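One-letter residues, chain by chain:
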Amino acid sequence: MTAWTHLALGCGIVVAALVIRTGLGEIRRPGTARQQWRFLTNTTAVVAGVASAAALGMAVAVSGLGPGHAAWALLGGILTAFIVDRLMAES
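Only a predicted model underlies this, so the values are computations on that prediction, with no experimental measurement involved.

Peer 1: Is there a simple way to explain a nonpolar patch on the surface in this structure?
Peer 2: A contiguous nonpolar patch, built from V15, V19, W37 and L40 and spanning about 350 Å² of accessible area, is present on the exposed surface. Position of L40 among the secondary structure elements: in the loop between α2 (32-36) and α3 (43-63).

Peer 1: For this particular structure, what's the right way to read the packing of α3 against helix α4 (residues 67-90)?
Peer 2: Relative orientation and spacing of two packed helices are given, respectively, by the angle between their axes and the distance between those axes. Packing of α3 against α4 leaves a shortest axis separation of 7 Å and a crossing angle of 150°. If you check the angle between α3 and α4, you find them roughly antiparallel. Note that α3 runs across α4; the crossing there is right-handed. From α3, T44, A45, V46, A48, G49, S52, A53, L56, G57 and V60 reach across to α4, where they touch H69, A70, A73, L74, G76, G77, T80, A81, V84, D85 and M88. Across the contact of α3 with α4, the residue classes break down as 12 nonpolar, 8 polar and 1 charged.

Cut-offs used in this document
- Residues numbered from 1 in each chain as written.
- Predicted model: local features only at pLDDT ≥ 70, side-chain atom pairs only at ≥ 80, totals over all residues.
- Heavy atoms only, no water.
- Patch = residues over 30% accessible without salt bridge, like charges linked within 9 Å, V, L, I, M, F, W, Y side chains within 5 Å.
- Areas by Shrake-Rupley, 256 points an atom, 1.4 Å probe, with all protein chains shown as cover.
- Salt bridge = Lys/Arg side-chain N within 4 Å of Asp/Glu carboxyl O.
- Helix = DSSP H or I, 4+ residues; strand = E, 2+ residues; numbered from the N terminus.
- Axes fitted to C-alpha atoms, helices over the stretch in contact; angles between N-to-C directions.
- Parallel < 35°, antiparallel > 145°, perpendicular 65-115°, else oblique.
- Left-handed = near helix turned anticlockwise from the far one by under 90°.
- Contact = heavy atoms within 4.5 Å.
- Nonpolar A, V, L, I, M, F, W, Y, C, P; charged D, E, K, R; others polar.

Dropping the structure here:
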């Protein structure tokens, strides 16, 4: 395996862990999955996530890193959207 394959595999493991966490939470308390994934319908959060992913993707492209790092940039954008949605819900 190449280095970028290892990076993409690591990102896939993180995503799988988040999905499993959502599933277990849904089993314990029905309706929690909808709460955890509602950030996908929040326009402001999605725009912030896309901007973050684009900035991280550009940094990856400029630095000349492999495509495995691009998967981490995408994951960073998704997590940014999640955090922005949570911060907006608190205020």
